[in-house]
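These are the residues of each chain, in order.
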Amino acid sequence: MTIIGTNMHRQLLDGYKHAQTALEQARTGLTAIESHRGELDERRSAALLDLAEHYLPDLSRDSIEASWIEVRGKVSRILLRRDENR
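Residues numbered from 1 in each chain as written. Predicted model: local features only at pLDDT ≥ 70, side-chain atom pairs only at ≥ 80, totals over all residues. Heavy atoms only, no water.

Visitor: Explanation requested: the overall build of the protein in the structure shown.
Guide: A tally of regular secondary structure across the protein gives three helices and zero strands. Each helix and strand of the protein, ordered N terminal to C terminal, gives the series α-α-α. Taken over 86 residues, the protein has a buried fraction of 9%. Entry remark: accessible area of the protein is about 7,500 Å², with carbon and sulfur atoms responsible for 59%. (Helix = DSSP H or I, 4+ residues; strand = E, 2+ residues; numbered from the N terminus. Buried < 20%, exposed > 50% of the residue type's maximum accessible area, 1.4 Å probe, protein only. Areas by Shrake-Rupley, 256 points an atom, 1.4 Å probe, with all protein chains shown as cover.)

Visitor: Just to check I follow, could you spell out a nonpolar patch on the surface for this structure?
Guide: The grouping of Ile3, Met8 and Leu12 at the surface amounts to a nonpolar patch, some 280 Å² of accessible area in total. Structurally, Leu12 is set in helix 1 (residues 5-55). The class for Leu12 is exposed, based on a relative accessible area of 55%. (Patch = residues over 30% accessible without salt bridge, like charges linked within 9 Å, V, L, I, M, F, W, Y side chains within 5 Å. Salt bridge = Lys/Arg side-chain N within 4 Å of Asp/Glu carboxyl O.)

Visitor: Honestly, the pattern of salt bridges in this entry has me stumped. Any pointers?
Guide: When their charged atoms lie close together, side chains carrying opposite charge are able to pair. Scanning the entire structure with this criterion turns up four salt bridges. Put simply, Asp83 and Arg82 hold a salt bridge, and the shortest N to O gap is 3.6 Å. Residue classification places Asp83 among the partly exposed residues on the basis of a relative accessible area of 38%. A cluster of three or more residues bridged by salt bridges with shared partners is formed by Arg37, Asp41 and Arg44.

Visitor: What is the right way to read the environment of Ala46 from this model?
Guide: In this fold, Ala46 is placed in helix 1. Taking the C-alpha atoms as reference, Ala46 lies 9.3 Å from Ile78; in sequence the two are 32 residues apart.

This is the structure in structure tokens:
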């Protein structure tokens, strides 16, 4: 069975349109996911700040240096924010 050139062209254009639609849907979904992730990051940071203010009122540079290396950066940022709020 032979496919006529115009039919092949139409099939290629339809496939291209379908791929473009799928790409736009994926981009829209990715944008929504990134926005939601940003909101979750902000909520997490706020929760860490609240916990630090409640449980670590005497937080100091010395206590940060003595903490685990994995959390030093986050705890340092919490200390800076606490100092800025004061």
